[in-house]
Amino acid sequence: MKSSEKHTITALVEDRAGVLNRISSMFRRRGYNISSLAVGKSESAGLSRMTFVVDGDAKTVEMVVKNLHKLVEVIKVADISEENAVSRELALIRVKCDVATRSEIMQIVDIFRAKIVDVSQDTLIVEVTGNEDKVNSLVDLLDTFGVFEVMRTGTVAMSRGASFEQDKSANSPRILENAS
Amino acid sequence: MIKKGSQIVCESLLREGCNVVFGIPGGAILPLYQALPEYPGLRHILTRHEQGASLAADGYARVTGKPGVAFATSGPGATNLVTGIATAQMDSVPLVIVTGQVNSWTIGSDAFQETDITGITLPVTKHNFLVMDASDIASSIKEAFHIANTGRPGPVLVDIPRDVFVQEVEYEEPGELNLPGYSPNFSGHSGQIRKAANLINESEKPVIIAGHGVIISKAYDELKELAEKAQIPVITTLLGISCFPEDHVLWTGWPGMHGMAYSSFTIEEADLVIALGMRFDDRITGNPSKFALNSKKIHIDVDPSEIGKNIAVDVPIVGDVKEVLSRMNTHVVAATHPSWLKRIDVLKKDHPSLNIPETSKLLARQVVKDISDETKGGATIVTGVGQHQMWAAQHYRFKKPCTFLTSGGSGTMGYEVPAAMGAQVADPDSTVWSIAGDGGFQMTLCELATIAENKLPVKFAILNNGFLGMVRQWQEIFFDSSYVSTAYTGNPDFVRLAEAYGIKGIRVTDKTQVKTAIAEAMDHDGPVVVDFIVEQEENVYPMIPSGMTVYDMIEEPVPEKVTT
Ligand SMILES: Cc1ncc(C[n+]2csc(CCOP(=O)(O)OP(=O)(O)O)c2C)c(N)n1
Ligand SMILES: [Mg+2]
């Protein structure tokens, strides 16, 4: 196992002014790297769900989870990277395009099950959904034609099956006391 | 009943058991101050600087175990509190701070004295609130007290715009706490507790390192029971000092950068470290990758994020030290470790560390030792930061729990004046000695006015070496005695300064006067400042340079060392 790798962490948080600030401040202060962050409303009113993709070794990720737990407005945290999870990201890619390259681009877009959502004289906007690797590959391929602009949402993730995020009190002993 | 926001603040504070507030008024918080006369149960102590208010609240909180409360106005009033807030955060001290904010409709417009104090204090508080409606005040203050003083304590700031203080709302008692994301775990995992007890039962060379958590959870009896039952030597951290009586045979000092050498060596030689409510700070571990490699480790702490942070541990237990120990002790088998205890006696003899050289000079250490003797180890000792702090910790022999107040995590110079004031307010009948540096004392000495005004009988012992002594020591050892910006050649006459505040001043220049001066200070009814003109270039030993190991320790130079 690589010592530094990407981990996906999800958190259920209170939807209040300043919560995002509090969380990002914790990451900054403790020197943890967020490679992507996505926030949106959850199934419950007043609660948001966040997905973080974090770079770091197992210890770093454990500390990230613990420090997220520690924030008063964070209700549940889960490190779902090792579980079987569905993770998706949406990207919009503005790519250079002319009559000569259009059909080739459309073929690539098809293979990736992406969509062309806007066409102009010499550009196309491609919409793609998939995990981070898939989006990366498409961006790389399209870059051979000239990519002008990329807009990505960051990964959102959910574990498969019936395993939910556990709440704080249940989660902390599991994480900590497995350490021995 | 219809009430104003300001009245709700006062009633909420009273409901939480608060009866003392430290602070300074100003525009944004004025409506709150104007409500105070209606609430005689809230004693307001007017400090001379807001840093004095937050540090006094810290001293008050450490002594009472209740949150210390401070008020300040928006902008500069609030920012002046920050050093005290950060000090409390680093040392897990419960504070509830109420700041005034500009009118709610001007927030964000750079209004006069507007400062984003919730933003500024975000990384140095356990939590903070901006309350935008008077009907949320009662619940916010209730939550603030709960968060401040449960789990791992810490400061909580409640920022309230001026108009919210004057807003009138139908007042209701706050309901149940609504903090779904906050549920500290106190009980500890039973399986882990058994595992820990097994490790203790198997150990031949166990040692306890007792931290501030033992004091916070008042686990004194449980600690003593564990130590005595299995004959385990007890080392404390700097903030753990006084949690175990220092005249007990099992007391084994405190370790680390300036701790007793034998304590550091005991940890090094142990086969089991039982860490209670402490956090393996770098002042103790030096180089964490080389710290105590011969031992297994049990770590009990209420804050899960402390576990595994600095040191990998074998048996972590998340829980309140008192609760966990009381359960763990039942599984611990009575034992004696005669050869281990004998080994520690040898370490004590080989590395005395508490030796005071025979000399006619006035040494700062001697002053501490004499205060210790004169007060029979029963005073509350408050220090600043620097050499005098280390000597206070080394040479005062604490007999009573929770009697050593020092800024350990943050190292806040100036702590010695306001925190001593807060400690005296907290326990008016106690003997409070502030062991002060001439540097730190000058950072907060404006609070002498507050002390005089409130007739607080704090005794100050300024260990006046005419230097920022600890920094001078580093310059001597690591920079070839190049004393850049550390000599205090313009110190005031502290005796006359005290007298200017109406406080008794005594000067001591000779070793033979020390005991009489201490006795005279203690006989005096009110506050006293004793200016001890001590040796200027004395060093604190032992010393483990930062990031190094016990084997890199610099001990007191040989001529002054007692050998056996
Ligand atoms: C607010 C603050 N500023 C600077 C420092 C750095 N510092 C640590 S010890 C020290 C010297 C303290 O001098 P003094 O209060 O006279 O105590 P002494 O070491 O001489 O006993 C300094 C400047 C600090 N800890 N806190
Ligand atoms: Mg000094």
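Counting from 1, residues in each chain are numbered in the order their sequence is written. Here the convention is simple: chains get letters from A, ligands get numbers from 1, in the order in which they are written. Reporting in this predicted model follows two pLDDT cut-offs: at least 70 for local features of residues, and 80 or more for side-chain atom pairs to be given and counted; totals over whole chains, interfaces and linings ignore these cut-offs and use all residues. With hydrogens and water set aside, each side-chain value is computed from the structure's full complement of heavy atoms.

J.: Looking at this model, I keep getting lost on the packing of aromatic side chains. Mind explaining?
T.: A pair of aromatic rings is counted whenever rings of Phe, Tyr or Trp (Trp by its six-membered ring) have centres within 6.5 Å, and the orientation is called stacked for planes under 30 degrees apart, edge-to-face for over 60 and tilted otherwise. Summed over the entire model, instances satisfying the criterion amount to 12 aromatic pairs over all chains. A centroid spacing of 6.2 Å and a plane angle of 85 degrees characterise the contact between Phe27 of chain A and Tyr32 of chain A, whose relative ring orientation is edge-to-face. For the pair Phe27 of chain A and Tyr32 of chain A, one class covers both residues: buried. Taking the centre distance of 5.6 Å and the plane angle of 80 degrees together, the rings of Phe441 of chain B and Phe494 of chain B count as edge-to-face. Taken together, the residues span a long stretch of sequence, with Phe441 of chain B in helix α18 (residues 438-444) and Phe494 of chain B in helix α21 (residues 494-500) at a distance of 53 residues. Each member of the pair, Phe441 of chain B as well as Phe494 of chain B, carries the same accessibility label: buried. A simple rule labels every residue: compare its accessible area, found with a 1.4 Å probe on the protein chains alone, to the largest value its type can have, and call it buried under 20%, exposed over 50%, or partly exposed in between. Runs of H or I in DSSP of at least four residues are treated as helices and runs of E of at least two as strands, each being numbered from the N terminus.

J.: Got a minute to help me understand the site of ligand 1 in this structure?
T.: All names here are of chain B. In the vicinity of ligand 1, 17 residues are found, and the nearest of them are Gln387, Gly411, Gly439, Gly440 and Gly469. Between ligand 1 and Met470, the relevant distance is 2.9 Å, taken from an oxygen atom to a main-chain nitrogen or oxygen of the residue. Burial of ligand 1 by the surrounding chains reaches 76%, relative to a free accessible area of 580 Å². At the level of elements, α16 (387-395), α18 and α20 (469-478) are the ones that each hand at least two residues to the shell around ligand 1. Think of it this way: one heavy atom of a residue within 4 Å of a molecule or strand is enough to make that residue near it. Under this definition, polar contacts are N or O atom pairs within 3.5 Å; protein pairs additionally need one hydrogen-donor-capable and one acceptor-capable atom, and for neighbouring residues in sequence, both atoms have to be side-chain atoms. Using a 1.4 Å probe, the Shrake-Rupley method yields the accessible areas, and only the shown protein chains count as cover for residues.

J.: Hey, could you run me through the sheet that holds strand β10 (residues 234-236) of chain B in this one?
T.: Backbone-to-backbone hydrogen bonds pair the strands of a sheet. The strands run either parallel or antiparallel. All names here are of chain B. For two strands to be treated as a pair, DSSP must find at least two bridges joining them. Within the open sheet, the five strands sit side by side as β10-β9-β11-β12-β13. Their pairing is parallel. With partners counted over all chains shown, the strands left at the sheet margins are β10 and β13 (315-318), one partner each. For this sheet, the mean angle separating the axes of adjacent strands, direction not counted, is 15 degrees. Any pair of residues with heavy atoms lying within 4.5 Å of one another is described as a contacting pair. What counts as an axis is a line fitted to C-alpha atoms, over the stretch in contact for a helix, and the angles between N-to-C directions run from 0 to 180 degrees. Those strands touched by helix α10 (residues 220-229) are β9 (206-210), β10 and β11 (272-276), and its axis lies near 165 degrees from that of β9.

J.: Quick question: what am I supposed to make of the pairing of strand β17 (residues 459-464) of chain B here?
T.: Moving residue by residue along a regular strand, the side chains alternate between the two faces of the sheet. All names here are of chain B. Among the six residues that make up β17, six are buried, leaving the element largely enclosed by the rest of the structure. Pairing of strand β16 (residues 432-437) with β17 involves five bridges; the strand directions are parallel. Bridging across to β17, Ile435 finds its partner in Ala461. In terms of strand pairing, β17 meets strand β19 (residues 528-533) through six bridges, oriented parallel. Residue pairing for β19: Lys459 is matched across the bridge by Val528.

J.: Would you mind going over the layout of surface pockets with me for this structure?
T.: Leftover empty space is mapped by rolling, across the atoms, a probe with the size of a water molecule. Of the two site types, the cavity is a set of points on a 1 Å grid over the protein atoms alone where a 1.4 Å probe fits but cannot get out, and the pocket is an open set with protein on both sides within 12 Å along at least five of seven lines, each lined by residues with an atom within 4 Å of a point. Grid points are joined across faces, edges and corners, and a volume is the space filled by probe spheres set on the points. In this structure, the second largest pocket spans a volume of roughly 540 Å³. Around the second largest pocket, the lining comprises 27 residues; the ones closest to its centre are Ala17 of chain A together with Asn128, Phe129, Leu130 and Val131 of chain B. Throughout this entry, Asp, Glu, Lys and Arg are counted as charged residues, while Ala, Val, Leu, Ile, Met, Phe, Trp, Tyr, Cys and Pro are counted as nonpolar. The remaining residues, Gly among them, count as polar. Looking at the lining of the second largest pocket residue by residue, the classes come out as eight nonpolar, 10 polar and nine charged.

J.: Could you clarify how one ought to interpret the coordination of the magnesium ion (ligand 2) in this entry?
T.: Each angle at a metal carrying four tetrahedral donors should ideally be 109.5 degrees, and each at a metal carrying six octahedral donors should ideally be 90 or 180 degrees. Residue and element names in this part refer to chain B. A donor here means an N, O or S atom no more than 2.8 Å from the metal, or no more than 3.2 Å when the metal is Na, K or Ca. Since water is not included, a site may seem to lack partners. The protein atoms donating to the magnesium ion (ligand 2) are Asp438 (OD), Asn465 (OD1) and Phe467 (O), with metal-donor distances spanning 2.0 to 2.1 Å. In terms of primary sequence, the donors binding the magnesium ion (ligand 2) are separated according to D-x26-N-x1-F. Of this pair, Asp438 sits in helix α18 while Asn465 sits in the loop between β17 and α20; the two residues are 27 residues apart in sequence, bridging distant segments of the chain. Residue classification places Asn465 among the buried positions, given a relative accessible area of 7%.

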